[in-house]
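Each chain, letter by letter, is given below.
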Amino acid sequence: MSAMFSQNPLMNGPNYSFNQAPSTAAAGNKEHGFYPYTDNGGSTLAISGSDFTIVAGDTRSTSGYNINTRYSPKVFKIGGTTSSQDDATLVLSVVGFAADGEALKERLDAIVKMYRYQHGKPMSVKACAQRLSTILYGKRFFPYYVTAILGGLDEEGNGAVYSYDPVGSYEREQCRAAGAAASLIMPFLDNQVNYKNQYIPGSGVGHALVEREKIPLGRTEVEDVVKDAFDSAVERHIEVGDGLQMFVITKSGIEEKYLPLKRD
Amino acid sequence: MFRNNYDNDSVTFSPQGRIFQVEYASEAVKQGSVVVGIVSKTHAVLVALKRNAEELSSYQKKVISIDEHVGVAIAGLASDARVLSNFMKTQSLSSRLTYGRAIPLERIVSAIGDRAQTNTQHYGKRPYGVGLLVTGVDETGPHLFEFQPSGMTQEMVACAIGARSQMARTYLERNMEVFVECGREELVKHGLLALKESLAQDKELTVENCSVGVVGIRGEGMKTIEGFKLYDGQEVKKWVDLVADGAEAEEAMEVDS
Amino acid sequence: MNHLPQSWGRPRDDIYGAYDHSYLQSNGPNQHTQSPIVTGTSVIALKFKDGVVIAADNLASYGSLARFTDVKRLRSFADSSIVGFGGDVSDMQYLDRLLSSLDTREAYCSSGHSLNAQNLHTYLAKVFYKRRSEFSPLWNQVLVAGLDAESKPFLASADLLGTTFSAPSLATGFGAHLAQPLLRKVAPDEDAVAKLSEEEAVQAVKESMKVLFYRDARSLDKYSIAVVTKAGIRLKEDEKLENQSWAFADKIRGYGTQVN
């Protein structure tokens, strides 16, 4: 409220006349009491296989302890030529501040659509990943408050997952969990996808331990890992639940799956 | 010697009330190869004759998909058409972005109409040297619009623009009563037959020089549209064969004899 | 004693100590707090099998003062949608003008096309998001009720941050805590919506308005209620809460005037 009544002259040191009172507002940037972000909770997850990629996210949207809705998708097909995105080849997941997520999705979608219109072919995941990084960094000083994950198939047809921080730092990964329950899901993924901390029983002690051999997981195994990851996250995190949306990207297209999660 | 003093820019009328630059722009449309558009209750089709500048070059693109529900065919300067189609693309995307709605045909057509008109009223500007046939579907069904460099736009049931397009228009006028009830295949056939009328003596329709664009509705509402699809090369073979000389007895007779 | 004119009428330093000017610092950013002034409380809405019911009371509060008691917070758009406004009333009135001009523009532009509730909601969300990105937010949460492109019931929310969501039932402000649980009991999911009749929906919304009046200190028993269906809008702006029962009140310590 003080600002409202602060037209009083500011006087440091001796002043002999009211005429010296400043008549214009002091220079400097305006700071508002308004905070432009919120956290809408939820979690996302992406795993790449040899010839497929799965991108998944829960469908709950929250404001503090309130549930806004039980169905608000965080995973989107990107760059199809139709409004139903039937012919899309890329999938983007965004978690964090939902309005920024939506804005980011629409911006990337428009860019990938324009690319297809101008070049007559779909954008590669690699190119789209680079572009997404540029978009995010473009708002370095007023960031999109989201953790994005981009999924697709690379030029060889292998599954590709690119993960981001809110200001555009990115890398290609085998798998990544993001959002509210990222810290719950990521270690589980390390263990179940990359077999971290798994050793062959009786192979020795200490450095002599032999790691379990890494084999690429098949599609059904990965789907099960995703389901288990979310079922567990729902148990331990209040912002995760209601529904699980999964996009499976293969060379024959993108398949969408929806499974109910606990609504408590 | 006679010299026209009223065609140096597009802002000066001649004493006869003509703007020559705009009329010259219309001539550019007539230089372009012919395109035909027809609309029925359920579909709108575009059929175009492609030209290659020389034997060794590729064929110029004549039909462009703007959005899921809109497509255009061009006659005239292809580079001017690209400017217009890029503009239409951004208009269409922005409608989807701000309202989540496919832009109504009438709206996108008047947008390019307004843009073309300003070019005819500002010193130093040049009218677009291209005519367009704009087809698409919206909540009110399928539509076909004609666009001219003057900024003129009008809704049509069938239309042909470009070189020798009068012959095609004559065909369309003769058959216009039947179009409204046509299905997509019949409509494409009529389009190609009209196109064929406009062909030069030594030319015929081939899979190389033919482009077809189709858009339509499947049922009520916008969710069930048949999105604009462009057919080129081998995809148009079935239709080209359908209207080829000798394929249809009575049609072929008239031409051959 | 300091007799200089700029110290006239000010507390004496020798008694009160030097005046603390720190809040008037000109170096550093200008402190400029922004917050809603005159506010409307909850808006609640519920989908049913062929439409949506939406309600909001007719009160505009100035802090804890019940300042204006006849403010209509439901607005119709193009005879096919209803927007319910919570939050700042002046921003609501700005949005009202904005929507009126949009409506006029749309009506002039073309025949046969009109913006449905879904289009309207997308548009409003963009306006909110743009304003929040300019650090000049429109301090509202709105519910948009109507039909979507396929003429199915549509209900969605948009707020000052540009956040959007859609659900079988929605409630803003206090309603999110008090009314939403009651409405969710009636319509937990879309399957339940498909079975819900208009009468049941209206009943549930009226009941929720009553609960809100019992417990929300910034609410009023005069309210507006609207039903949107394919047939059009039925908007009633001068409803009075009926069958109130305050019997529960005297059993609650601290409720009203009773203190112990």
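Predicted, not measured: the structure shown is a model, and the values here were computed from it.

Undergrad: Explain the overall build of chain A to me, please; I cannot follow it from the model alone.
TA: Across its full length, chain A holds four helices and 13 strands. Burial statistics for chain A: of 264 residues in total, 47% are counted as buried. Counting only contacts in chain A whose residues sit at least 6 apart along the sequence, the fraction spanning at least 24 positions is 61%. Put simply, chain A shows about 13300 Å² of open surface, and 52% of that area lies on carbon and sulfur atoms.

Undergrad: How should the sheet that holds strand β12 (residues 243-250) of chain A be read in this particular structure?
TA: Across a sheet, strands are paired by hydrogen bonds formed along the backbone, either parallel or antiparallel in direction. Residues and elements named next belong to chain A. Taken in spatial order, the five strands make up an open sheet running β11-β2-β3-β12-β13, and their pairing is antiparallel. Each edge of the sheet is formed by a strand with only one pairing partner; in this case those strands are β11 (175-179) and β13 (253-260). Neighbour-to-neighbour, the strand axes of the sheet open up by a mean angle of 15°, direction not taken into account. Against the sheet, helix α3 (residues 182-192) contacts β2 (43-48) and β11, and its axis sits at roughly 170° relative to β11.

Undergrad: Can you help me understand the sheet that holds strand β6 (residues 75-78) of chain A in this one?
TA: All names here are of chain A. Read from one edge of the open sheet, five strands run β6-β7-β8-β9-β10, paired in antiparallel fashion. In this open sheet, the two strands that pair with only one neighbour each are β6 and β10 (170-173). If you compare each strand with its neighbour and ignore which way they point, the axes differ by 25° on average. Sheet strands in contact with helix α1 (residues 98-119) are β6, β7 (90-96) and β8 (146-153), and its direction is about 15° off that of β6. Contacting β7, β8, β9 (159-164) and β10, helix α2 (residues 125-138) runs over the sheet at an angle of about 5° to β9.

Undergrad: What is the right way to look at empty space enclosed by the protein in this model?
TA: Unfilled space is identified by rolling a water-sized probe across the atoms. Taken as a whole and judged by the stated rule, the model has one cavity of 30 Å³ or more. By volume, the largest cavity amounts to about 40 Å³. The class makeup of the residues in the lining of the largest cavity is four nonpolar, three polar and two charged.

Undergrad: Looking at this structure, I do not really get helix α2 (residues 78-99) of chain B. What am I missing?
TA: In an α-helix, one full turn covers 3.6 residues, which means residues spaced three or four apart are oriented alike. Between its terminal C-alpha atoms α2 of chain B stretches 31 Å, which fits the 32 Å expected from 22 residues at 1.5 Å a residue. Turning to α2 of chain B, its buried residues number three or more, namely Asp80, Ala81, Leu84, Ser85, Phe87, Met88, Lys89, Ser92, Leu93, Ser95 and Tyr99 of chain B.

Undergrad: When you look at the nonpolar core in this model, what are you seeing that I'm missing?
TA: Here is a general trend for soluble globular proteins: nonpolar side chains tend to be buried in one another's company. With 31 residues, the main nonpolar core has Leu92, Leu104, Leu108, Leu132, Tyr144, Leu150 and Tyr164 of chain A as its most contacted residues. Of all the elements in the fold, those that place two or more residues in this core are β6, β7, α1, α2, β8 and β9 of chain A. Looking at this core element by element, the count peaks at six residues for α2 of chain A. Ignoring anything within four residues of it in the chain, the contact list for Leu92 of chain A reads Lys74, Val75, Phe76, Ile78, Lys105, Leu108, Leu132, Ala148, Ile149 and Leu150 of chain A. One finds Leu172, Val188, Trp239 and Val240 of chain B within the second-largest nonpolar core, a separate group that totals 30 residues.

Undergrad: Looking at this model, I keep getting lost on unusual backbone geometry. Mind explaining?
TA: Residues and elements named next belong to chain C. Its identity as a non-glycine residue notwithstanding, Ser151 has a phi of 60°, on the positive side. Note on placement: Ser151 falls in the loop between β9 (140-147) and β10 (153-159). On the basis of relative accessibility, which here comes to 35%, the residue Ser151 falls in the partly exposed class. Located in the positive-phi region is Asn243, a residue other than glycine, with phi close to 50°. Mapped onto the fold, Asn243 is located in the segment after β14 (232-240).

Undergrad: How do you make sense of helix α3 (residues 105-119) of chain B when you look at a structure like this?
TA: Taking 1.5 Å of rise per residue, the 15 residues of α3 of chain B would be expected to cover 21 Å, and the 22 Å separating its terminal C-alpha atoms lies within 8% of that figure. All of the buried residues along α3 of chain B are Leu105, Arg107, Ile108, Val109, Ala111, Ile112, Gly113, Ala116 and Asn119 of chain B. Of the surrounding secondary structure, the elements contacted by the buried residues of α3 of chain B are β4 (70-76), α2, β5 (130-138), β6 (141-147) and β7 (153-155) of chain B together with α2 (89-109) of chain C.

Undergrad: Honestly, the side chain of Thr53 of chain A in this entry has me stumped. Any pointers?
TA: Residue and element names in this part refer to chain A. Note on placement: Thr53 falls in strand β3 (residues 53-58). The class of Thr53 is buried, set by a relative accessible area of 0%. A distance of 2.9 Å separates a polar atom in the side chain of Thr53 from the backbone oxygen of Gly152. Leave out the neighbours within four places in its chain, and Thr53 touches Ile47, Ser48, Gly151, Gly152, Leu153, Gly159, Ala160, Val161, Phe247, Val248 and Ile249.

Undergrad: Can you walk me through the pairing of β5 of chain B in this structure?
TA: The side chains of a regular strand alternate between both faces of the sheet. Residue and element names in this part refer to chain B. β5 sits mainly inside the fold: nine of its nine residues count as buried. Residues Val130, Leu132, Val134, Gly136 and Asp138 of β5 are buried on one face, and the alternating residues Gly131, Leu133, Thr135 and Val137, pointing to the opposite face, are buried as well. Relative to β5, β4 is paired through seven bridges, and the arrangement is antiparallel. Residue pairing in the sheet places Ile74 in a bridge with Leu132 of β5. The pairing of β5 with β6 spans seven bridges and is classified as antiparallel. When the bridges of β6 are listed, Leu133 appears paired with Glu146.

Undergrad: Please clarify how the UniProt feature "domain: Proteasome alpha-type subunits" (unreviewed entry) in chain B should be interpreted in this entry.
TA: When the UniProt feature table is mapped onto this chain numbering, "domain: Proteasome alpha-type subunits" (unreviewed entry) sits at residues 6-28 of chain B. Helix and strand shares over residues 6-28 of chain B are 39% and 0% respectively, and the end C-alpha atoms of the span are 19 Å apart.

Undergrad: Help me understand the interface of chain C and chain B in this model?
TA: Often, the extent of an interface is quoted as the loss of accessible area upon association of its parts. Taken residue by residue, the interface counts 16 residues in chain C and 12 residues in chain B. Buried surface at the junction of chain C and chain B, both sides included, amounts to about 1200 Å², of which 49% is carbon and sulfur. Between chain C and chain B we count two salt bridges in total. The partner of Glu106 of chain C in a salt bridge is Arg107 of chain B, with the nearest N and O atoms 3.2 Å apart.

Undergrad: What's the story with the packing of aromatic side chains in this structure? I'm lost.
TA: Two aromatic rings, taken as a pair, are described by how far apart their centres are and by the angle between their planes. Taken as a whole, this structure holds 15 aromatic pairs over all chains when the rule is applied. Pairing Tyr99 of chain B with Tyr123 of chain C gives two aromatic rings, centres 5.5 Å apart and planes at 20°, and the pair type is stacked. Of the two residues, Tyr99 of chain B sits in helix α2 while Tyr123 of chain C sits in helix α3 (residues 117-133), which places them in two different chains. Relative to Trp246 of chain C, the ring of Phe213 of chain C lies with its centre 5.9 Å away and its plane at 85°, an arrangement referred to as edge-to-face.

Undergrad: Can you walk me through a nonpolar patch on the surface in this structure?
TA: Residue and element names in this part refer to chain C. Nonpolar side chains collect at one region of the surface, where Ile37, Tyr62 and Leu65 lie side by side and expose about 300 Å² of accessible area between them. Inspection of the secondary structure puts Leu65 in strand β6 (residues 65-68). Here Leu65 falls in the partly exposed class, since its relative accessible area comes to 45%.

Undergrad: Looking at this model, I keep getting lost on the environment of Ser183 of chain A. Mind explaining?
TA: Considering the arrangement of structural elements, one finds Ser183 of chain A in helix α3. Along the primary structure Ser183 of chain A and Ala88 of chain A are separated by 95 residues, whereas in three dimensions their C-alpha atoms are 30 Å apart.

Definitions and cut-offs
Residues numbered from 1 in each chain as written. Chains lettered and ligands numbered in written order. Predicted model: local features only at pLDDT ≥ 70, side-chain atom pairs only at ≥ 80, totals over all residues. Heavy atoms only, no water. Helix = DSSP H or I, 4+ residues; strand = E, 2+ residues; numbered from the N terminus. Buried < 20%, exposed > 50% of the residue type's maximum accessible area, 1.4 Å probe, protein only. Contact = heavy atoms within 4.5 Å. Areas by Shrake-Rupley, 256 points an atom, 1.4 Å probe, with all protein chains shown as cover. Pairing = 2+ DSSP bridges. Axes fitted to C-alpha atoms, helices over the stretch in contact; angles between N-to-C directions. 1 Å grid on protein atoms, 1.4 Å probe; cavity = no way out; pocket = protein on both sides within 12 Å on 5 of 7 lines; lining within 4 Å. Points joined across faces, edges and corners; volume = space filled by probe spheres on them. Nonpolar A, V, L, I, M, F, W, Y, C, P; charged D, E, K, R; others polar. Expected span 1.5 Å × (residues − 1). Core = buried A, V, L, I, M, F, W, Y, C linked by side-chain atoms within 4.5 Å. Polar contact = N/O pair within 3.5 Å; in protein donor to acceptor, adjacent residues only side chain to side chain. UniProt positions renumbered as here; feature names shortened; annotations may be inferred. Buried area = accessible area lost by both parts, 1.4 Å probe. Salt bridge = Lys/Arg side-chain N within 4 Å of Asp/Glu carboxyl O. Phe/Tyr/Trp six-rings, centres within 6.5 Å; stacked < 30°, edge-to-face > 60°. Patch = residues over 30% accessible without salt bridge, like charges linked within 9 Å, V, L, I, M, F, W, Y side chains within 5 Å.

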